[in-house]
Amino acid sequence: MKVLVLGGGGREHALVWKLRQSPRVSQLYCAPGNGGIAEEAECFPIDLKSVQSIATLAARLQPDLTVVGPELPLSLGVVDEFKQRGWPVFGPTQAAAQLESSKSFAKEFLQRHRIPTAPFAICDSIDEVRSALGHFHTPVVVKADGLAAGKGVIIAQTREEAAGAAAEMLSGKMLGEAGARVILEECLQGDELSFLVFSDGERVVPLVAAQDHKRVGDGDTGPNTGGMGAYSTTEMIDDQMRDWLVHHIAQPVVTGMKAEGTEFQGVLYCGLMMTARGPMVLEFNCRFGDPEAQPILMRLDSDLVEAIEASIEGRVSDGDFRWSQDASVCVVMASGGYPGTFAVGKRIDGLAEAGAVEGVKVFHAGTSQRDGVFYTAGGRVLGVTARARDLKTAVARAYQACARISFEGAHYRKDIAGRALKK
Ligand code: AMP
Ligand code: GLY
(Lines give C-alpha, C1' and ligand atoms only; values in the text may rest on other atoms or scores of the structure.)
(Ligands and ions follow the chains in the order given, each with its own letter.)
Protein backbone atom coordinates (compact mmCIF):
# COMPACT_ATOMS: atom_id res chain seq x y z
CA MET A 1 0.00 0.00 0.00
CA LYS A 2 0.95 3.64 -0.50
CA VAL A 3 1.28 5.74 2.65
CA LEU A 4 1.60 9.52 2.94
CA VAL A 5 2.96 11.14 6.12
CA LEU A 6 2.24 14.85 6.62
CA GLY A 7 4.86 16.88 8.47
CA GLY A 8 8.60 17.38 8.48
CA GLY A 9 9.95 17.10 12.02
CA GLY A 10 11.62 14.47 14.15
CA ARG A 11 8.25 12.89 14.92
CA GLU A 12 7.56 12.45 11.22
CA HIS A 13 10.99 10.95 10.62
CA ALA A 14 10.23 8.40 13.35
CA LEU A 15 6.83 7.68 11.78
CA VAL A 16 8.40 7.21 8.34
CA TRP A 17 11.14 4.99 9.78
CA LYS A 18 8.58 2.82 11.58
CA LEU A 19 6.10 2.66 8.68
CA ARG A 20 8.88 1.62 6.34
CA GLN A 21 9.38 -1.50 8.45
CA SER A 22 5.86 -2.64 7.66
CA PRO A 23 5.64 -5.38 5.04
CA ARG A 24 2.32 -3.81 4.03
CA VAL A 25 3.93 -0.57 2.84
CA SER A 26 5.21 -0.52 -0.74
CA GLN A 27 5.45 3.25 -1.30
CA LEU A 28 6.14 5.89 1.30
CA TYR A 29 5.63 9.62 0.75
CA CYS A 30 6.20 12.54 3.08
CA ALA A 31 5.19 16.19 2.74
CA PRO A 32 7.13 18.31 3.24
CA GLY A 33 9.62 15.97 4.96
CA ASN A 34 13.21 17.05 5.67
CA GLY A 35 16.78 16.20 4.72
CA GLY A 36 16.82 12.92 6.63
CA ILE A 37 13.32 11.80 5.75
CA ALA A 38 14.19 12.19 2.05
CA GLU A 39 16.53 9.20 2.43
CA GLU A 40 13.61 6.97 3.44
CA ALA A 41 10.56 8.41 1.68
CA GLU A 42 9.77 10.41 -1.42
CA CYS A 43 9.30 14.00 -0.24
CA PHE A 44 7.08 16.72 -1.67
CA PRO A 45 7.34 20.39 -0.73
CA ILE A 46 4.04 21.63 0.64
CA ASP A 47 2.58 24.35 2.80
CA LEU A 48 0.95 22.59 5.76
CA LYS A 49 -1.12 25.72 6.39
CA SER A 50 -3.06 25.03 3.19
CA VAL A 51 -5.56 22.16 3.40
CA GLN A 52 -6.24 22.75 -0.29
CA SER A 53 -2.65 22.13 -1.36
CA ILE A 54 -2.49 19.02 0.84
CA ALA A 55 -5.66 17.72 -0.84
CA THR A 56 -4.26 18.51 -4.29
CA LEU A 57 -1.10 16.52 -3.50
CA ALA A 58 -3.11 13.61 -2.11
CA ALA A 59 -5.36 13.58 -5.19
CA ARG A 60 -2.21 13.15 -7.27
CA LEU A 61 -0.49 10.52 -5.08
CA GLN A 62 -3.67 8.62 -4.15
CA PRO A 63 -2.29 7.16 -0.90
CA ASP A 64 -4.13 4.24 0.67
CA LEU A 65 -3.45 5.85 4.04
CA THR A 66 -2.46 9.34 5.21
CA VAL A 67 -0.95 9.86 8.66
CA VAL A 68 -1.04 13.42 9.96
CA GLY A 69 1.95 14.31 12.16
CA PRO A 70 1.54 17.91 13.40
CA GLU A 71 -1.35 19.78 14.98
CA LEU A 72 -1.60 22.63 12.49
CA PRO A 73 -3.24 20.78 9.56
CA LEU A 74 -5.48 18.93 12.05
CA SER A 75 -6.66 22.21 13.54
CA LEU A 76 -7.31 23.49 10.01
CA GLY A 77 -9.54 20.52 9.17
CA VAL A 78 -7.37 18.37 6.90
CA VAL A 79 -9.05 15.22 8.25
CA ASP A 80 -12.54 16.61 7.55
CA GLU A 81 -11.45 17.32 3.97
CA PHE A 82 -10.05 13.82 3.47
CA LYS A 83 -13.07 12.13 5.06
CA GLN A 84 -15.42 14.12 2.81
CA ARG A 85 -13.56 12.74 -0.17
CA GLY A 86 -13.58 9.21 1.26
CA TRP A 87 -9.79 9.04 1.67
CA PRO A 88 -8.41 6.95 4.58
CA VAL A 89 -6.73 9.26 7.08
CA PHE A 90 -5.42 8.92 10.65
CA GLY A 91 -6.13 11.84 12.96
CA PRO A 92 -9.03 13.73 14.56
CA THR A 93 -11.41 16.13 12.83
CA GLN A 94 -11.11 19.88 13.28
CA ALA A 95 -13.85 19.87 15.93
CA ALA A 96 -12.17 17.06 17.91
CA ALA A 97 -8.74 18.68 17.51
CA GLN A 98 -10.03 21.61 19.61
CA LEU A 99 -8.86 19.57 22.60
CA GLU A 100 -5.43 20.86 21.58
CA SER A 101 -6.14 23.97 19.50
CA SER A 102 -8.19 25.67 22.23
CA LYS A 103 -7.06 25.36 25.83
CA SER A 104 -10.29 27.00 27.01
CA PHE A 105 -12.27 24.33 25.15
CA ALA A 106 -10.13 21.63 26.79
CA LYS A 107 -10.43 23.09 30.30
CA GLU A 108 -14.20 23.51 30.09
CA PHE A 109 -14.52 20.00 28.67
CA LEU A 110 -12.45 18.60 31.56
CA GLN A 111 -14.61 20.48 34.05
CA ARG A 112 -17.88 19.26 32.45
CA HIS A 113 -16.67 15.67 32.63
CA ARG A 114 -15.10 15.93 36.08
CA ILE A 115 -11.68 14.84 34.84
CA PRO A 116 -8.90 15.99 37.20
CA THR A 117 -7.16 19.21 36.13
CA ALA A 118 -5.84 22.38 37.82
CA PRO A 119 -8.36 25.08 38.86
CA PHE A 120 -8.44 27.80 36.17
CA ALA A 121 -9.97 31.02 34.89
CA ILE A 122 -10.58 31.99 31.25
CA CYS A 123 -9.98 35.69 30.49
CA ASP A 124 -10.60 37.81 27.41
CA SER A 125 -9.27 41.10 28.74
CA ILE A 126 -6.63 42.41 31.11
CA ASP A 127 -9.35 43.60 33.50
CA GLU A 128 -10.66 40.03 33.74
CA VAL A 129 -7.09 38.83 34.32
CA ARG A 130 -6.51 41.34 37.12
CA SER A 131 -9.69 40.44 38.97
CA ALA A 132 -9.21 36.66 38.48
CA LEU A 133 -5.61 36.81 39.74
CA GLY A 134 -6.91 37.50 43.24
CA HIS A 135 -8.18 33.92 43.38
CA PHE A 136 -4.79 32.34 42.64
CA HIS A 137 -1.74 31.68 44.78
CA THR A 138 1.68 32.27 43.26
CA PRO A 139 3.36 30.95 41.28
CA VAL A 140 0.51 31.06 38.77
CA VAL A 141 0.46 29.68 35.23
CA VAL A 142 -0.52 31.93 32.30
CA LYS A 143 -1.40 30.22 29.02
CA ALA A 144 -2.35 31.43 25.56
CA ASP A 145 -5.59 29.80 24.42
CA GLY A 146 -4.43 28.85 20.92
CA LEU A 147 -1.60 26.90 19.31
CA ALA A 148 1.84 28.20 20.28
CA ALA A 149 4.26 25.33 19.58
CA GLY A 150 4.90 24.73 23.27
CA LYS A 151 5.86 28.36 23.82
CA GLY A 152 2.53 29.77 25.04
CA VAL A 153 2.93 28.92 28.74
CA ILE A 154 4.50 31.15 31.36
CA ILE A 155 4.92 30.26 35.01
CA ALA A 156 4.74 33.63 36.78
CA GLN A 157 6.29 34.01 40.24
CA THR A 158 4.22 37.09 41.14
CA ARG A 159 0.76 38.42 40.21
CA GLU A 160 2.45 41.42 38.58
CA GLU A 161 4.51 39.15 36.36
CA ALA A 162 1.37 37.16 35.51
CA ALA A 163 -0.56 40.31 34.58
CA GLY A 164 2.36 41.48 32.44
CA ALA A 165 2.60 38.18 30.57
CA ALA A 166 -1.18 38.06 30.07
CA ALA A 167 -1.20 41.64 28.78
CA GLU A 168 1.51 40.81 26.29
CA MET A 169 -0.39 37.72 25.08
CA LEU A 170 -3.68 39.63 24.83
CA SER A 171 -2.02 42.44 22.85
CA GLY A 172 -1.37 39.94 20.07
CA LYS A 173 2.29 40.98 19.81
CA MET A 174 3.66 37.82 21.32
CA LEU A 175 1.63 35.04 19.72
CA GLY A 176 -0.91 36.72 17.42
CA GLU A 177 -4.42 35.27 17.47
CA ALA A 178 -3.33 32.38 19.74
CA GLY A 179 -3.09 34.82 22.65
CA ALA A 180 -6.39 36.66 22.10
CA ARG A 181 -7.72 34.74 25.10
CA VAL A 182 -5.66 33.58 28.09
CA ILE A 183 -6.08 30.96 30.79
CA LEU A 184 -4.86 31.38 34.35
CA GLU A 185 -4.16 28.15 36.14
CA GLU A 186 -2.99 26.92 39.50
CA CYS A 187 0.62 25.81 39.30
CA LEU A 188 0.90 22.06 39.89
CA GLN A 189 3.91 20.27 41.34
CA GLY A 190 5.13 16.81 40.43
CA ASP A 191 6.62 14.69 37.66
CA GLU A 192 5.22 15.17 34.19
CA LEU A 193 4.09 12.19 32.15
CA SER A 194 3.15 11.94 28.50
CA PHE A 195 0.38 9.35 28.30
CA LEU A 196 -0.63 8.64 24.71
CA VAL A 197 -3.50 6.45 23.57
CA PHE A 198 -4.87 5.32 20.23
CA SER A 199 -8.60 5.94 19.97
CA ASP A 200 -11.07 4.66 17.39
CA GLY A 201 -13.66 7.18 18.57
CA GLU A 202 -15.09 4.84 21.18
CA ARG A 203 -12.35 2.82 22.84
CA VAL A 204 -8.77 3.61 23.77
CA VAL A 205 -5.56 1.60 23.86
CA PRO A 206 -2.60 3.08 25.73
CA LEU A 207 0.87 3.27 24.23
CA VAL A 208 3.93 2.97 26.48
CA ALA A 209 4.38 6.10 28.58
CA ALA A 210 7.11 8.67 28.03
CA GLN A 211 8.53 11.74 29.70
CA ASP A 212 9.40 14.94 27.87
CA HIS A 213 11.92 17.60 28.97
CA LYS A 214 10.36 20.91 28.00
CA ARG A 215 12.80 23.47 29.37
CA VAL A 216 15.80 24.38 27.27
CA GLY A 217 18.41 24.02 30.02
CA ASP A 218 19.79 21.28 32.28
CA GLY A 219 17.96 20.87 35.57
CA ASP A 220 14.75 22.20 33.96
CA THR A 221 15.97 25.77 33.68
CA GLY A 222 15.32 28.45 31.07
CA PRO A 223 12.32 28.93 28.80
CA ASN A 224 9.97 26.23 27.53
CA THR A 225 10.63 24.67 24.13
CA GLY A 226 8.81 22.21 21.90
CA GLY A 227 10.71 19.50 23.83
CA MET A 228 14.44 18.90 24.30
CA GLY A 229 14.38 15.16 24.83
CA ALA A 230 12.26 12.28 26.06
CA TYR A 231 12.59 8.75 27.33
CA SER A 232 10.41 5.70 27.81
CA THR A 233 10.78 2.67 30.07
CA THR A 234 8.53 -0.08 31.38
CA GLU A 235 9.11 1.12 34.94
CA MET A 236 7.67 4.61 34.40
CA ILE A 237 4.18 3.51 35.39
CA ASP A 238 2.93 0.17 36.68
CA ASP A 239 -0.12 -1.70 35.32
CA GLN A 240 -2.32 -0.34 38.07
CA MET A 241 -1.48 3.28 37.23
CA ARG A 242 -1.86 2.57 33.52
CA ASP A 243 -5.37 1.21 34.11
CA TRP A 244 -6.23 4.17 36.35
CA LEU A 245 -5.14 6.63 33.67
CA VAL A 246 -7.21 4.81 31.06
CA HIS A 247 -10.33 4.61 33.23
CA HIS A 248 -10.21 8.06 34.82
CA ILE A 249 -8.69 10.16 32.08
CA ALA A 250 -8.28 8.80 28.54
CA GLN A 251 -11.50 6.78 28.29
CA PRO A 252 -13.73 9.49 29.84
CA VAL A 253 -12.28 12.00 27.34
CA VAL A 254 -13.08 9.79 24.36
CA THR A 255 -16.51 8.86 25.74
CA GLY A 256 -17.27 12.52 26.50
CA MET A 257 -16.17 13.69 23.06
CA LYS A 258 -18.40 11.09 21.40
CA ALA A 259 -21.36 12.06 23.61
CA GLU A 260 -20.88 15.69 22.57
CA GLY A 261 -20.86 14.80 18.88
CA THR A 262 -17.14 15.41 18.35
CA GLU A 263 -15.84 11.85 18.16
CA PHE A 264 -12.07 11.70 18.67
CA GLN A 265 -10.21 9.31 16.38
CA GLY A 266 -6.42 9.21 16.30
CA VAL A 267 -3.70 9.71 18.89
CA LEU A 268 -4.85 11.40 22.08
CA TYR A 269 -1.86 12.70 23.99
CA CYS A 270 -2.64 13.38 27.65
CA GLY A 271 -0.01 15.67 29.18
CA LEU A 272 -0.20 14.87 32.90
CA MET A 273 1.26 16.13 36.15
CA MET A 274 1.62 13.33 38.71
CA THR A 275 0.78 15.40 41.79
CA ALA A 276 0.50 14.36 45.44
CA ARG A 277 -3.28 14.61 44.89
CA GLY A 278 -3.04 12.19 41.97
CA PRO A 279 -2.58 12.58 38.21
CA MET A 280 -4.01 15.78 36.69
CA VAL A 281 -4.33 16.87 33.07
CA LEU A 282 -2.04 19.74 32.03
CA GLU A 283 -2.96 19.69 28.38
CA PHE A 284 -4.07 17.54 25.49
CA ASN A 285 -2.44 17.12 22.14
CA CYS A 286 -4.35 15.54 19.29
CA ARG A 287 -1.34 13.75 17.77
CA PHE A 288 1.92 12.03 18.62
CA GLY A 289 4.25 14.12 20.76
CA ASP A 290 7.53 15.40 19.42
CA PRO A 291 10.02 14.20 20.73
CA GLU A 292 7.95 11.52 22.57
CA ALA A 293 7.13 9.74 19.30
CA GLN A 294 10.81 8.95 18.78
CA PRO A 295 11.40 6.85 21.96
CA ILE A 296 7.86 5.44 21.92
CA LEU A 297 8.04 4.19 18.33
CA MET A 298 11.52 2.79 19.00
CA ARG A 299 9.95 0.45 21.56
CA LEU A 300 7.16 -0.71 19.24
CA ASP A 301 7.95 -4.17 17.90
CA SER A 302 4.68 -4.72 16.03
CA ASP A 303 3.37 -3.22 12.79
CA LEU A 304 2.25 0.41 13.10
CA VAL A 305 0.10 0.15 9.97
CA GLU A 306 -2.03 -2.57 11.58
CA ALA A 307 -2.66 -0.43 14.67
CA ILE A 308 -3.55 2.64 12.62
CA GLU A 309 -5.94 0.64 10.47
CA ALA A 310 -7.62 -0.78 13.56
CA SER A 311 -8.15 2.75 14.84
CA ILE A 312 -9.58 4.01 11.54
CA GLU A 313 -11.83 0.98 11.24
CA GLY A 314 -13.20 1.32 14.78
CA ARG A 315 -11.67 -1.80 16.30
CA VAL A 316 -8.66 -0.81 18.42
CA SER A 317 -7.50 -3.40 20.96
CA ASP A 318 -4.45 -4.07 23.13
CA GLY A 319 -3.52 -6.81 20.68
CA ASP A 320 -2.64 -4.16 18.08
CA PHE A 321 0.59 -3.35 19.91
CA ARG A 322 3.56 -5.47 20.94
CA TRP A 323 6.04 -3.48 23.04
CA SER A 324 9.67 -4.19 23.81
CA GLN A 325 10.81 -4.28 27.44
CA ASP A 326 13.82 -2.21 26.37
CA ALA A 327 14.30 1.39 27.40
CA SER A 328 14.66 4.20 24.87
CA VAL A 329 15.76 7.81 24.97
CA CYS A 330 15.83 10.72 22.53
CA VAL A 331 18.20 13.68 22.96
CA VAL A 332 17.32 16.72 20.86
CA MET A 333 20.19 18.68 19.33
CA ALA A 334 19.12 22.27 18.68
CA SER A 335 20.38 25.34 16.82
CA GLY A 336 22.25 28.04 18.76
CA GLY A 337 19.70 30.48 20.19
CA TYR A 338 16.70 28.09 20.11
CA PRO A 339 13.95 28.53 21.43
CA GLY A 340 14.70 32.18 20.59
CA THR A 341 16.00 33.32 17.22
CA PHE A 342 18.60 31.14 15.53
CA ALA A 343 20.52 30.94 12.28
CA VAL A 344 20.11 28.06 9.79
CA GLY A 345 22.24 26.63 7.01
CA LYS A 346 25.04 25.32 9.27
CA ARG A 347 26.83 22.25 7.97
CA ILE A 348 26.21 19.11 10.08
CA ASP A 349 29.08 16.64 10.49
CA GLY A 350 29.35 13.20 12.05
CA LEU A 351 25.88 11.85 11.24
CA ALA A 352 27.14 8.53 9.85
CA GLU A 353 29.48 8.06 12.82
CA ALA A 354 26.63 8.76 15.25
CA GLY A 355 24.31 6.36 13.44
CA ALA A 356 26.94 3.64 13.78
CA VAL A 357 26.65 3.56 17.59
CA GLU A 358 24.84 0.37 18.60
CA GLY A 359 21.08 0.81 19.07
CA VAL A 360 21.10 4.40 17.78
CA LYS A 361 18.93 6.02 15.15
CA VAL A 362 19.41 9.71 14.38
CA PHE A 363 16.04 11.21 13.48
CA HIS A 364 16.17 14.47 11.54
CA ALA A 365 13.96 17.41 12.48
CA GLY A 366 15.12 20.76 11.03
CA THR A 367 17.60 19.61 8.36
CA SER A 368 18.05 19.99 4.63
CA GLN A 369 20.33 18.14 2.26
CA ARG A 370 22.40 19.40 -0.67
CA ASP A 371 24.89 17.31 -2.67
CA GLY A 372 25.00 14.67 0.04
CA VAL A 373 25.74 17.20 2.81
CA PHE A 374 23.24 17.97 5.58
CA TYR A 375 22.57 21.49 6.88
CA THR A 376 20.54 22.87 9.77
CA ALA A 377 17.12 24.20 8.76
CA GLY A 378 15.20 24.68 11.99
CA GLY A 379 15.31 25.16 15.76
CA ARG A 380 15.26 21.53 16.75
CA VAL A 381 17.71 19.91 14.35
CA LEU A 382 18.14 16.24 15.30
CA GLY A 383 16.58 13.70 17.67
CA VAL A 384 19.39 11.34 18.58
CA THR A 385 17.52 8.25 19.76
CA ALA A 386 18.82 5.06 21.34
CA ARG A 387 17.35 1.78 22.54
CA ALA A 388 18.93 -0.68 24.97
CA ARG A 389 18.10 -3.33 27.57
CA ASP A 390 18.24 -0.73 30.36
CA LEU A 391 17.86 3.04 30.55
CA LYS A 392 21.44 3.66 31.63
CA THR A 393 22.82 1.97 28.52
CA ALA A 394 20.29 3.71 26.26
CA VAL A 395 21.28 7.10 27.69
CA ALA A 396 24.99 6.32 27.33
CA ARG A 397 24.48 5.30 23.71
CA ALA A 398 22.48 8.42 22.86
CA TYR A 399 25.10 10.73 24.34
CA GLN A 400 27.93 8.81 22.72
CA ALA A 401 26.20 9.44 19.39
CA CYS A 402 25.57 13.14 20.18
CA ALA A 403 29.27 13.61 20.90
CA ARG A 404 30.06 12.48 17.35
CA ILE A 405 27.81 15.12 15.76
CA SER A 406 28.81 18.73 15.30
CA PHE A 407 27.38 21.89 13.79
CA GLU A 408 28.01 25.53 14.63
CA GLY A 409 26.01 26.60 17.68
CA ALA A 410 24.74 23.09 18.50
CA HIS A 411 23.38 22.63 22.00
CA TYR A 412 21.58 19.84 23.80
CA ARG A 413 20.62 18.95 27.34
CA LYS A 414 23.05 16.67 29.15
CA ASP A 415 20.47 15.40 31.66
CA ILE A 416 17.74 13.71 29.62
CA ALA A 417 16.32 10.89 31.80
CA GLY A 418 18.77 12.00 34.49
CA ARG A 419 16.21 12.07 37.29
CA ALA A 420 15.01 8.55 36.47
CA LEU A 421 18.61 7.30 36.51
CA LYS A 422 19.17 8.79 39.98
CA LYS A 423 16.12 7.05 41.44
P1 AMP B 1 1.02 22.95 27.99
O2 AMP B 1 1.29 23.61 26.66
O3 AMP B 1 -0.27 23.27 28.60
O4 AMP B 1 1.40 21.54 28.02
O5 AMP B 1 2.15 23.50 28.94
C6 AMP B 1 3.50 23.33 28.63
C7 AMP B 1 4.24 23.04 29.88
O8 AMP B 1 4.02 24.04 30.86
C9 AMP B 1 3.83 21.75 30.58
O10 AMP B 1 4.41 20.64 30.00
C11 AMP B 1 4.33 22.04 31.98
O12 AMP B 1 5.73 21.87 32.06
C13 AMP B 1 4.02 23.49 32.14
N14 AMP B 1 2.68 23.65 32.76
C15 AMP B 1 1.50 23.81 32.12
N16 AMP B 1 0.50 23.92 32.97
C17 AMP B 1 1.02 23.83 34.20
C18 AMP B 1 0.47 23.86 35.52
N19 AMP B 1 -0.84 24.03 35.75
N20 AMP B 1 1.33 23.73 36.55
C21 AMP B 1 2.66 23.59 36.35
N22 AMP B 1 3.23 23.53 35.13
C23 AMP B 1 2.43 23.66 34.07
N1 GLY C 1 6.56 17.23 23.32
C2 GLY C 1 5.36 17.96 23.49
C3 GLY C 1 4.55 18.09 22.29
O4 GLY C 1 4.69 17.35 21.35
O5 GLY C 1 3.70 18.97 22.26
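Residues numbered from 1 in each chain as written. Chains lettered and ligands numbered in written order. Predicted model: local features only at pLDDT ≥ 70, side-chain atom pairs only at ≥ 80, totals over all residues. Heavy atoms only, no water.

## Details of the site of ligand 1
The environment of ligand 1 is formed by 15 residues, the closest being Glu 185, Leu 188, Glu 192, Lys 214 and Glu 283. Within the side chain of Lys 214, a nitrogen or oxygen atom sits 2.9 Å from an oxygen atom of ligand 1. Considered on its own, ligand 1 offers 470 Å² of accessible surface; in the complex 95% of this is hidden by protein. Elements with a contribution of two residues or more to the shell around ligand 1: β7 (140-144), β8 (153-156), β9 (182-186) and β17 (278-285). A class-by-class count of the residues in the shell around ligand 1 yields seven nonpolar, one polar and seven charged. (Near = heavy atom within 4 Å. Polar contact = N/O pair within 3.5 Å; in protein donor to acceptor, adjacent residues only side chain to side chain. Areas by Shrake-Rupley, 256 points an atom, 1.4 Å probe, with all protein chains shown as cover. Helix = DSSP H or I, 4+ residues; strand = E, 2+ residues; numbered from the N terminus. Nonpolar A, V, L, I, M, F, W, Y, C, P; charged D, E, K, R; others polar.)

## Remarks on the packing of helix α7 (residues 126-133) against helix α8 (residues 159-171)
Put simply, α7 and α8 touch, their axes get as near as 10 Å, and they point 155° apart. By the angle between their directions, the pair α7 and α8 is classed as roughly antiparallel. Judged by the sense of rotation from one axis to the other, the crossing of α7 with α8 is right-handed. Residue-level contacts link Ile 126, Val 129, Arg 130 and Leu 133 of α7 to Arg 159, Glu 160, Ala 162, Ala 163, Ala 166, Ala 167 and Leu 170 of α8. Its residues assigned to classes, the contact of α7 with α8 comprises eight nonpolar, no polar and three charged. (Axes fitted to C-alpha atoms, helices over the stretch in contact; angles between N-to-C directions. Parallel < 35°, antiparallel > 145°, perpendicular 65-115°, else oblique. Left-handed = near helix turned anticlockwise from the far one by under 90°. Contact = heavy atoms within 4.5 Å.)

## Section: the packing of helix α1 (residues 10-20) against helix α11 (residues 304-312)
Following both chains from N to C, one finds α1 and α11 inclined at 105°, their axes separated by 8 Å at the closest point. Between α1 and α11, the angle is such that the two are roughly perpendicular. Listed contacts from α11 to Leu 15, Lys 18 and Leu 19 of α1 are Leu 304, Val 305 and Ile 308.

## Re the side chain of Asp 212
Within the fold, Asp 212 resides in strand β12 (residues 211-212). Every residue in contact with Asp 212, bar those within four places of it in the chain, is listed here: Ser 194, Gly 226, Gly 227, Met 228, Gly 229, Ala 230, Pro 291 and Glu 292.

## Comments concerning the packing of aromatic side chains
For the structure on display, the rule yields ten aromatic pairs. Three or more aromatic residues link up through ring pairs in this structure, and these residues are Phe 90, Phe 198, Phe 288, Phe 321 and Trp 323. Seen from the ring of Tyr 375, Arg 370 lies directly overhead, with NZ or CZ sitting 4.4 Å from the centre. Above the plane of the ring of Tyr 412 lies Lys 414, whose end atom (NZ or CZ) is 4.3 Å from the centre. (Phe/Tyr/Trp six-rings, centres within 6.5 Å; stacked < 30°, edge-to-face > 60°. Lys NZ or Arg CZ within 6 Å of the ring centre and 35° of its normal.)

## Points about helix α9 (residues 239-259)
In this model, α9 (21 residues) spans 28 Å end to end at C-alpha, consistent with the 30 Å of a helix rising 1.5 Å per residue. When the local axis directions of α9 are compared, the greatest deviation, roughly 40°, occurs at Val 246. Among the residues of α9, Leu 245, Val 246, Ile 249, Ala 250, Val 253, Val 254, Gly 256 and Met 257 are the ones counted as buried. Buried residues in α9 make contact with α5 (98-101), α6 (103-112), β10 (191-200), β11 (204-206), β16 (265-275) and β17. In the stretch just after α9, Gly 261 is the one whose phi turns positive, near 85°. (Expected span 1.5 Å × (residues − 1). Bend = angle between axes of the 7 residues up to and from the residue. Buried < 20%, exposed > 50% of the residue type's maximum accessible area, 1.4 Å probe, protein only.)

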